[in-house]
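# Working through the structure, step by step
One-letter residues, chain by chain:
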Amino acid sequence: MKQISNEISKKLSLARSFEKAHFSEIQRQERPGFHLSPALGWLNDPNGFSFYKGEYHLFYQYNPYSTRWDAMHWGHWTSKDLIHWEYHEASFAPDEDYETGVFSGTAITDKDGSHLIMYTADYNKAPDYSADLSGKNGVRRETQCIARGDGSQYQKYEGNPVISEKELPEEFTMEDFRDPKLWIGKDGKYYAVTVARKKSDNLGAALLFSSENAVEWQYLDTIRENDGSFGGMWECPDFFFLEGRPVLSLSVMNMKNTSPLFRNGNCTVVFVGDTIGKEKGILPESQKGKEENRTEEFLGNWIQQTMKQAKPQALDLGFDFYAPQSMERDGRRIMVGWMQAPEGGSNAPENAKWYGQMSFPREIFFNGDRLCQRPIPEIQKLYKDTVELEISCEKEEKSYAELEDKLLDLSLRISASKDCLKYQECSEQKVVSERQEVFQMKFAKQGENYVLCTYDFASGILTVDRSHAGRSASICEVRRIYVGSSEELSLRLLLDRFSFELFINDGEQALSGTLYELPAEAKEISFQGEGLRLLVEKHSLREIELGAL
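Conventions used here
Residues numbered from 1 in each chain as written. Predicted model: local features only at pLDDT ≥ 70, side-chain atom pairs only at ≥ 80, totals over all residues. Heavy atoms only, no water. Helix = DSSP H or I, 4+ residues; strand = E, 2+ residues; numbered from the N terminus. Expected span 1.5 Å × (residues − 1). Buried < 20%, exposed > 50% of the residue type's maximum accessible area, 1.4 Å probe, protein only. Arc of directions from axis to C-beta. Contact = heavy atoms within 4.5 Å. Pairing = 2+ DSSP bridges. Axes fitted to C-alpha atoms, helices over the stretch in contact; angles between N-to-C directions. Salt bridge = Lys/Arg side-chain N within 4 Å of Asp/Glu carboxyl O. Phe/Tyr/Trp six-rings, centres within 6.5 Å; stacked < 30°, edge-to-face > 60°. Lys NZ or Arg CZ within 6 Å of the ring centre and 35° of its normal. 1 Å grid on protein atoms, 1.4 Å probe; cavity = no way out; pocket = protein on both sides within 12 Å on 5 of 7 lines; lining within 4 Å. Points joined across faces, edges and corners; volume = space filled by probe spheres on them. Nonpolar A, V, L, I, M, F, W, Y, C, P; charged D, E, K, R; others polar.

Further remarks concern helix H1 (residues 10-22). For the α-helix, the turn length of 3.6 residues means that residues three or four positions removed from each other point alike. Taking 1.5 Å of rise per residue, the 13 residues of H1 would be expected to cover 18 Å, and the 18 Å separating its terminal C-alpha atoms lies within 8% of that figure. Looking only at H1, the buried set comprises Leu-12, Ala-15, Arg-16 and Glu-19. Axial view of H1: buried residues confined to an arc of 95°, hence all on one face. The exposed set on the far side of H1, more than 90 degrees from its buried face, consists of Lys-10 and Leu-14. On its buried face, H1 sits against strand E2 (55-63), strand E3 (73-79) and strand E4 (85-92).

In structure tokens, the structure reads:
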């Protein structure tokens, strides 16, 4: 591996100096207990999630100077175990002529042993209205660039950008062309999936590129186009194989879907293809040994056909989950997402020292055709004590002192009587019997502050309502999703100081949300639901260790 220079630009040096001057101003209790927050300032998309030189690396979109989005840098953490993390100095600043922001990207271990990063250089020059009142002299241009490092220091390639308008097909605009997902196929070639906006209808598409050397790239095919069913522009693609099935994850902007199986706004959708057997590079097993078919034209066509028929599924139906990245390690696919709705970017609490956090790492797996997710089992390292209860719910709300906590992993199995699922036929409509059983849980509760979760066993609708969670900002406060009618429901709640993650029916669905302004004393948990039986297992969690800059 070529030695990485220690020379850094003035912009990067300034960012690092600013970090060192202000990092210690944030006390440990002001941060989440077991979720990651930025060194200071603003955080959005996870970047470069990878395993390199015996450590997990997770970078992030970062503005150290403010709790609002601005000229993007890259922050950096490392971990030995995905639980305890070390903060590192900023890795990148927008310090080249072709960029005003270092946008999202991915990282891999390259063939020469270096840590290879591919990212989007965003160049944005505001219109000069004094010269042209039409504003058409403004410039927005996004290109793909690479950098190499040793896990600590990184250098941008002197020949950047490596993918520009020369490689981008004419039907797409350079104004929205970003977020490369990079990998090396088993055929030894480099591949990247990016997103781009179509000029014809302003909708997003996922594009596939390939290269022999990570420097000279060519367009292969468009593997999935938005037909208007899934928002407008797409962002932050992730492409991988899981249990022999190709999966394309996309963060969708401005989704207009009122189905309880999806959600509106900015959200993440995955497209799951059919099982193809063990992959050779990114080729199907059926093509192994057939050299005449192992062409880039075949490759692009095959992925396009596979993803065109892929089935969509919402990844997280909550309030705050976007731009996830995943990586494979020891046979597991592990995912981390930005736990914030992009439309809430200007809603940092007053006097906040940081804003934005990552989800707790999740394992993703299939249960039949359903892509499921669960907290990584390493969370057990944080368990302090355990409480197990068997509860017969009452008509009136009841709190349980032994369940009170601010940092917890709470599992519930809720059982209803069969009567609640009986229907009477009336004309062509189903009418629910008189007795309707509804489960209600309030968590992070203190007086009139709480988050409310309800499940109607008859309708199969689960609702999460954070309208009493104390936010001063005007944000989305209620989500309703269709879980399905059943005599049993399982819930798993990860609760932290400033967020919650809720997993339904062993991870078949998930809802995540932030809780920035709840009082620290909001620890109470209550249940309600006449005739319902609960099996409860609660683990108090200790804080993760965070190494200082």
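This paragraph deals with the sheet that holds strand E24 (residues 408-415). Overall, antiparallel pairing links the 6 strands, which are arranged E22-E35-E24-E31-E32-E33 in an open sheet. Only two strands of the sheet have a single partner each, and these edge strands are strand E22 (383-392) and strand E33 (509-514). Between one strand axis and the next, the sheet turns through 15° on average, direction left out of account. Where E22 and strand E35 (residues 533-541) come together, 8 bridges link them in antiparallel fashion. Across the sheet, the residue bridging to Tyr-383 is Leu-541, located in E35.

Going through the model one piece at a time under the given rule, you end up with 43 salt bridges. A salt bridge links Lys-156 to Asp-95; the nearest nitrogen and oxygen atoms lie 2.7 Å apart. Pair noted here: Lys-156 is in strand E8 (residues 154-156) and Asp-95 is in the loop between E4 and strand E5 (101-109), with a separation of 61 residues, a long-range link. Looking at Lys-156, the relative accessible area reads 18%, which means it is buried. For Asp-95, a relative accessible area of 24% corresponds to the partly exposed category. With its nearest N and O atoms 2.7 Å apart, the salt bridge here joins Arg-533 to Glu-390. On the criterion of sequence distance, the pair formed by Arg-533 in strand E35 and Glu-390 in strand E22 is long-range, its members being 143 residues apart. Assessed through its relative accessible area of 58%, Glu-390 is described here as exposed.

The final tally for this structure, using the stated rule, is 34 aromatic pairs. With 5.4 Å between their ring centres and 45° between their planes, Phe-59 and Trp-74 make a pair best called tilted. Placement of the pair is Phe-59 in strand E2 and Trp-74 in strand E3, with a sequence separation of 15 residues. Each member of the pair, Phe-59 as well as Trp-74, carries the same accessibility label: buried. Summarising the aromatic geometry, the rings of Tyr-355 and Tyr-516 are spaced 5.1 Å apart at their centres and angled 50° between planes, so their arrangement reads as tilted. Taken as a pair, Tyr-355 in strand E19 (residues 354-355) and Tyr-516 in the loop between E33 and strand E34 (524-528) lie far apart in primary sequence, 161 residues in all. The class of Tyr-355 is buried, set by a relative accessible area of 1%. A residue is classified by how much of its surface remains accessible, and Tyr-516, at 8% relative accessible area, is buried. Here the aromatic residues Trp-42, Tyr-322, Trp-338, Trp-354, Tyr-355, Phe-498 and Tyr-516 are joined through ring pairs into a cluster of three or more. Sitting over the face of the ring of Phe-365, Arg-374 holds its NZ or CZ atom 3.9 Å from the ring centroid.

Time to look at the layout of surface pockets. Within this model, the largest pocket holds a volume of roughly 840 Å³. In terms of lining residues, the largest pocket is bounded by 35 residues, among which Trp-183, Phe-240, Met-327, Glu-328 and Arg-333 are the most central. Of all elements in the fold, only strand E1 (41-52), E5, strand E9 (172-184), strand E13 (234-242), strand E17 (322-329), strand E18 (332-338) and strand E20 (362-367) reach the threshold of two or more residues within the lining of the largest pocket. A class-by-class count of the residues in the lining of the largest pocket yields 16 nonpolar, 9 polar and 10 charged. The calculated volume of the second largest pocket comes to roughly 430 Å³. In this structure, the second largest pocket is lined by 22 residues; those nearest its centre are Asn-44, Trp-69, Glu-235, Trp-338 and Pro-342. Elements represented by at least two residues in the lining of the second largest pocket include exactly E1, E5, strand E7 (139-149), E9 and E13. Of the residues contributing to the lining of the second largest pocket, the split by class is 8 nonpolar, 6 polar and 8 charged.

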